[in-house]
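Listed below, chain by chain, are the residues.
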Amino acid sequence: MTNIQHMALSIRALAIDSILNAGEGHQGVPLGMAEIAATLFARHLKANPADPLWPDRDRVVLSNGHGSMLLYALLHLAGYKAVSLEALRNFRRLGSVCAGHPEIEQHAGIEITTGLLGQGIACAVGMAVAESRLAAEFGAELVDHRTWAFVGDGCLQEGIGQEAISLAGHLQLGKLTFLWDDNQITDDGATSLSVSEDVPARFRAAGWQVIELDGHDIAAIDAALIRTKSDPRPALLACRTVIARGIPRLQGQRGGHSAPLIAQDRTDFAKLTGWTHPAFDIPPAIYDDWAKTGLRGAQAQAGWAARLATHPGQAAFQNWHSGRLPQEAMAQLATLRKSMTRDPVPRPTILSSGDICDALTNALPDLQILCADLEAPTNHKRSRNSFTAQNRSGSYVHCGVREHLMGAMADGIAAHKGLRPVNVTYLAFADYERPAMRMAALMGLPVTFVFSHDSIGMGSNGPTHQPVEVPASFRAMPNFRVFRPADALETLEAWELALAHRDGPCLLALSRQPASPLPERRAGNMTAKGAYVVCGGQPDESRDVTLIATGTEVALAVQARDILAQSGITAAVVSMPCWELFEEQPADYRAKVLGHAPRVACEAALRFGWDKWLRPEDGFVGMTGFGASDKAEALYDHYGITANRLAKVAQSLLCEIASSECE
């Protein structure tokens, strides 16, 4: 038996022991892919367990995340200190780095959170794009690594999988390799129950290198991995495997996926394979074989560090990977702010966002814009070059009509580090990206999601494109900031905050229709407070009513204030561009902004969620259902989202209060 065969057996043994100890888990993947994983690590992977965050390491993604014990066994055996035997013994237990599905812990070698099938391979495409762009910027001396993804049938059956195959092939991401666990079994039984197409042919049609092989033949696996490195195309290794290989009761069967293991399975595994060692006991000789994989990586890193020390781009490389917002970008934003303040004109906030993005082209070169076939209406390309198979230095990726993939690619780029991903499309399509956006929030990734056409204000494309319920749904998501700026200046402030925020994603919901500049502007970034008084009502005792709004409806609130003033009613107007940031403010600041007077909120969306800021007796002007097809002005009038309606609701509240006081 060769060293790699012993290494593969150690993966199987640790997987069985950990799953038995936990009482649950998915043994099919680690037992079926053991030879594939052991060969990759033993002879091909470039990584240093002593420094898991080395920027030029290969990225390993376990897209079939339910098989997480494959990854944990690999990381432990390879010498990642955070994945200790104790962590394996606590597999699927609170506080263990070995969660049921991999959760991003890059210091432990877990590159990204996976589990929603297809998300992993789509993130891997983003990682490969990041490597390629950074290599074009800094050269192969500093950036020359590969992305390897373990892939299951489910990843390829999900629609996002086909989007990933298509774009990766089109972009010729030659350092991306999918290792497909072709075991012909799903949780329901044979794959033939639901799949009949020629899967490798899908990859060939998309321009991939495809190698079909026995996934338990180490020599064949090694030869295939060597071939991938000399081909400019992304590669699929279609590895025919036996699910749960090594457990006679389950191997090759439906139950091999995740049927509960019993003690006899461990006994039968030992008898079949000759593994005689106790649970969680790996012989020193096998640990030594695994340690050699890290030595290769350590040597590669030492050479890399020497090159970095004398590289002319050293400072830029380190700045790009730090995530800090450089002074040049801050200065450019400050210059743009002065321009917007000096010459305020009504302008769609999506176009203002495009102005900001374009102004940062040189000042913030690590921006990577991804757009879904909407270059003209979203206007975020302008002077940027396209990232293509021929031009890897481009900072704008034409993703085509592939929003599911695009969102996950942005996650992969952010997890890779070195670039700042900005995802651009229409807000109605955010639901295509919701799984990726949720994963970004779960992982705490700094992804900026820029969405146009944020309300019925987008007009006559109709209710399919009018996302009346979407803002509320993302405001409900933990660790997720939703910005709906009122004008160009608030859009600039939202961009500044999103770029500086490194612990989670941000959404910018922007208008297609012109947004009127707010009348009274103060120094500093007021959007950072989440909400602030735009005009009127200082101090609180002097206001009769508070009008709260977001987005383009803030201008309606300002108009309503003027209407109310004609009746002797003093109204304060509050812009609330980011609920999440407002919630973080001290209680006394929130009370000062909202005041004690009656409140009326206005948003061209559903009321859901607004009761966080409104009391039962307060009012709301907005949508109660889906929209319709017509010009924006007609729709706002039809649904009563107008300054006059806002003023009338405020007057009615005050009349009701006056009547009750008289009684």
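It should be noted that the structure appears before, not after, this text.
Report follows, based on the coordinates. This structure is a prediction, so every number in the text was calculated from the model and none was measured. (Residues numbered from 1 in each chain as written. Predicted model: local features only at pLDDT ≥ 70, side-chain atom pairs only at ≥ 80, totals over all residues. Heavy atoms only, no water.)

1. Digging into the overall build of the chain
Next, step 1: When you go through the chain residue by residue, the secondary structure sums to 25 helices and 20 strands.
Next, step 2: Its C-alpha atoms give the chain a radius of gyration of 28 Å, near enough to 26 Å, the size a compact globule of 663 residues would have.
Next, step 3: Seen through its C-alpha atoms, the chain measures out along the principal axes to roughly 90 × 60 × 45 Å.
Next, step 4: With 663 residues in all, the chain has 61% of them scored as buried.
Next, step 5: Of the contacts made within the chain by residues no fewer than 6 positions apart, 77% connect residues no fewer than 24 positions apart.
Next, step 6: Accessible area for the chain stands at about 24,600 Å²; split by element, carbon and sulfur atoms hold 52% of it. (Helix = DSSP H or I, 4+ residues; strand = E, 2+ residues; numbered from the N terminus. Rg over C-alpha atoms; globule rule 2.2 N^0.38 Å. Buried < 20%, exposed > 50% of the residue type's maximum accessible area, 1.4 Å probe, protein only. Contact = heavy atoms within 4.5 Å. Areas by Shrake-Rupley, 256 points an atom, 1.4 Å probe, with all protein chains shown as cover.)

2. Examining the environment of Pro-505
Next, step 1: Relative to the elements of secondary structure, Pro-505 occurs in the loop between helix 20 (488-500) and strand 14 (506-509).
Next, step 2: In contact with Pro-505, other than residues within four places in its own chain, are Met-437, Ala-440, Ala-441, Leu-445, Val-447, Phe-449, Asn-479, Phe-480 and Arg-481.

3. Some words on the sheet that holds strand 11 (residues 420-426)
Next, step 1: The parallel open sheet is built from 6 strands, whose spatial order is 10-9-11-12-14-13. Two strands in the sheet have a free side with no partner beyond their single neighbour: strand 10 (396-398) and strand 13 (481-483). Here the average twist between neighbouring strands, direction ignored, is 20 degrees.
Next, step 2: Bridge analysis of strand 9 (residues 367-371) against strand 11 gives 5 bridges, and the strand direction is parallel. (Pairing = 2+ DSSP bridges. Axes fitted to C-alpha atoms, helices over the stretch in contact; angles between N-to-C directions.)

4. Considering the side chain of His-76
Next, step 1: By secondary structure assignment, the location of His-76 is in helix 4 (residues 68-78).
Next, step 2: Note on His-76: relative accessible area 10%, which makes it buried.
Next, step 3: In this structure His-76 touches Leu-14, Val-83, Ser-84, Leu-85, Leu-88 and Tyr-287, once residues within four positions along its chain are discounted.

5. Quick word on unusual backbone geometry
Next, step 1: Even without a glycine there, the phi angle at Gln-184 is positive, about 60 degrees.
Next, step 2: Along the polypeptide, Gln-184 turns up in the loop between strand 3 (176-182) and strand 4 (185-186).
Next, step 3: Residue Gln-184 is classed as partly exposed on the basis of its relative accessible area, which comes to 40%.
Next, step 4: Phi at Ala-244 takes a positive value of approximately 55 degrees, unusual for a residue other than glycine.
Next, step 5: Since its relative accessible area comes to 0%, Ala-244 is described here as buried.

6. What about helix 10 (residues 218-228)?
Next, step 1: Of the residues making up helix 10, those classed as buried are Ile-218, Ile-221, Asp-222, Ala-224, Leu-225 and Thr-228. Seen end-on, helix 10 carries its buried residues on one side only, within an arc spanning 165 degrees.
Next, step 2: Buried-residue contacts for helix 10 involve helix 1 (3-22), helix 3 (34-43), strand 2 (147-151), strand 3, strand 6 (209-214) and strand 7 (235-240).
Next, step 3: The backbone nitrogen of Ala-219 has a side-chain oxygen 3.1 Å away, supplied by the residue at the start of helix 10, namely Asp-217. (Arc of directions from axis to C-beta. Polar contact = N/O pair within 3.5 Å; in protein donor to acceptor, adjacent residues only side chain to side chain.)

7. A look at the sheet that holds strand 20 (residues 619-623)
Next, step 1: Overall, mixed pairing links the 5 strands, which are arranged 16-18-17-19-20 in an open sheet. Strand pairing shows two members of the sheet lacking a second neighbour, strand 16 (532-535) and strand 20, which therefore form its edges. Across the sheet, the axes of successive neighbouring strands diverge by a mean angle of 25 degrees, strand direction being ignored.
Next, step 2: Relative to the sheet, helix 21 (residues 553-565) contacts strand 16, strand 17 (545-549), strand 18 (571-575) and strand 19 (599-606), its axis offset from that of strand 17 by approximately 160 degrees.

8. Some words on empty space enclosed by the protein
Next, step 1: According to the stated counting rule, one finds 4 cavities of 30 Å³ or more in the structure shown.
Next, step 2: Approximately 90 Å³ is the volume found for the largest cavity.
Next, step 3: Lining the largest cavity are Phe-41, Leu-45, Ala-47, Pro-52, Arg-57, Asp-58, Arg-59, Val-60, Leu-75, Tyr-80, Gly-109 and Glu-111.
Next, step 4: Approximately 60 Å³ is the volume attributed to the second largest cavity.
Next, step 5: Taken together, Phe-41, Leu-45, Ala-47, Pro-49, Ala-78, Tyr-80, Thr-293, Gly-294 and Arg-296 form the lining of the second largest cavity. (1 Å grid on protein atoms, 1.4 Å probe; cavity = no way out; pocket = protein on both sides within 12 Å on 5 of 7 lines; lining within 4 Å. Points joined across faces, edges and corners; volume = space filled by probe spheres on them.)

9. What about helix 14 (residues 327-342)?
Along an α-helix, residues three or four positions apart point the same way, because every turn accommodates 3.6 residues.
Next, step 1: Taking 1.5 Å of rise per residue, the 16 residues of helix 14 would be expected to cover 22 Å, and the 22 Å separating its terminal C-alpha atoms lies within 8% of that figure.
Next, step 2: Of the surrounding secondary structure, the elements contacted by the buried residues of helix 14 are helix 15 (349-359) and helix 20. (Expected span 1.5 Å × (residues − 1).)

10. Considering the packing of aromatic side chains
Next, step 1: Under the counting rule described, the total for this entry stands at 19 aromatic pairs.
Next, step 2: Taken together, a centroid distance of 6.3 Å and an interplanar angle of 65 degrees make the contact between Phe-41 and Trp-290 edge-to-face. In this pair, Phe-41 is assigned in helix 3 and Trp-290 in helix 12 (residues 284-310), connecting sequence segments 249 residues apart. One exposure class covers both Phe-41 and Trp-290, and it is buried.
Next, step 3: On the basis of an interplanar angle of 45 degrees and a centroid distance of 6.1 Å, the ring pair of Trp-610 and Phe-620 is categorised as tilted. Highlighted residues: Trp-610 in the loop between strand 19 and strand 20 and Phe-620 in strand 20, separated in sequence by 10 residues. Here Trp-610 and Phe-620 have matching classes, each one buried.
Next, step 4: The rings of Trp-579, Phe-582, Tyr-589, Trp-610, Trp-613 and Phe-620 are connected pair by pair, giving a single aromatic cluster.
Next, step 5: Over the face of the ring belonging to Phe-474 we find Arg-434, whose NZ or CZ atom lies 4.1 Å from the ring centre. (Phe/Tyr/Trp six-rings, centres within 6.5 Å; stacked < 30°, edge-to-face > 60°. Lys NZ or Arg CZ within 6 Å of the ring centre and 35° of its normal.)

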